[in-house]
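Architecture and fold: a report
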Amino acid sequence: MAERAISQSSGRSLATQASSAASTPRFVEPQAIYNRMNELYDAISRRAFELFEGDGRILGRDLDHWFKAETELLHPAHVQIKESGDTIIVDAEVPGFNANELQLSLEPRRLTISGKKQSSSEEKKGNVVYSERCSNELLRSVELPVEVNVSRATATLQNGILELTALKLAAKAPSIQAKSAGAA
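Here's a quick rundown of the structure. Quick caveat: nothing in here was measured; it's all calculated off a predicted structure.

**So, the sheet that holds strand β2 (residues 79-84)**
As summarised here, the arrangement of the four strands in space is β2-β3-β8-β7, forming an open sheet in which the pairing is antiparallel. Edge positions in the open sheet fall to β2 and β7 (154-158), since each of these has one partner strand only. Going across the sheet, the axis of each strand differs from the next one's by a mean of 15 degrees, ignoring polarity. Direction of pairing for β7 relative to strand β8 (residues 161-167): antiparallel, over a ladder of five bridges. Bridging from a neighbouring strand, Thr156 pairs with Glu163 of β8.

**Let's talk about the packing of helix α2 (residues 30-54) against helix α3 (residues 62-73)**
Direction vectors running N to C along α2 and α3 enclose 125 degrees, while the axes themselves pass 8 Å from each other. With respect to α3, the axis of α2 lies oblique. α3 is crossed by α2, and the crossing has right-handed handedness. Of α3, the residues touching α2 (which contributes Tyr41, Ala43, Ile44, Ser45, Arg47, Ala48, Leu51 and Phe52) are His65, Trp66, Lys68, Ala69, Glu70, Glu72 and Leu73.

**A short note on the packing of aromatic side chains**
Going through the model one piece at a time under the given rule, you end up with two aromatic pairs. Seen in terms of ring centroids, Phe49 and Phe52 are 5.8 Å apart; in terms of plane orientation they differ by 40 degrees. Their pairing is tilted. Taken together, the positions of Phe49 and Phe52, both in helix α2 and three residues apart, correspond to about one turn of that helix. Since its relative accessible area comes to 41%, Phe49 is described here as partly exposed.

Cut-offs and rules
- Position numbers for residues start from 1 in each chain and track the written sequence from start to end.
- Note on the predicted model: pLDDT of at least 70 is required for a residue's local features to be given, and 80 or more for side-chain atom pairs to be given and counted; whole-chain, interface and lining totals, by contrast, use all residues.
- Side-chain numbers here rest on the full set of heavy atoms in the structure, without hydrogens or water.
- Strands qualify as paired when DSSP identifies two bridges or more between them.
- Each helix is a run of H or I in the DSSP string that is no shorter than four residues. Each strand is a run of E no shorter than two, and both are numbered from the N terminus.
- Axis definition: a line fitted to C-alpha atoms, over the contacting stretch in the case of helices. Angles run 0 to 180 degrees between N-to-C directions.
- In this scheme, roughly parallel covers angles under 35 degrees and roughly antiparallel covers those over 145, while 65 to 115 is roughly perpendicular and the rest are oblique.
- Note: crossing handedness is left-handed where the near helix turns anticlockwise from the far helix by less than a right angle, and right-handed where it turns clockwise.
- Any two residues having at least one pair of non-hydrogen atoms within 4.5 Å are treated as being in contact.
- By convention, a stacked pair of Phe, Tyr or Trp rings (six-membered ring in the case of Trp) has centres within 6.5 Å and planes under 30 degrees apart, an edge-to-face pair has planes over 60 apart, and any other such pair is tilted.
- Burial classes follow relative accessibility: with a 1.4 Å probe on protein chains only, a residue under 20% of its type's maximum area counts as buried, one over 50% as exposed, and anything between as partly exposed.

What follows is the structure in structure tokens.
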């Protein structure tokens, strides 16, 4: 998987990174995220078909099955985009993920966040009255309002909030050429 370091994390231990200190997720090429998207699409398709079969193969609920499969397999990531002078700041809620589990792909007009938690299951004895689980995978793609400088972007993760800061690309002024009329 091709990676390019845009912002380096310091040499802190994993215990320090797990605390409230900021850590740096890694940037990857768009192709790496695209491959992950294809894997997730296949997984969602399989789960949606399982739901279809479990519903008695009744036609007309395709979208319901698809959305339910997405909900089961992907963790939601709420995003806020802010403009500040010559920068764009994207904040994404990614609770439970650490910097090593996240991958970012930044293109001039798009940010894609992908993550996969390495979780271990714990078996508890006794009667469970109520239990909720959250997916251990994340995929979110966001269109940016302006083009950004991909090579000068930085990202930090602190307290479950991923913050990406990128400089806006300078708008190119259209060139106007004057032509004289009638002279031959």
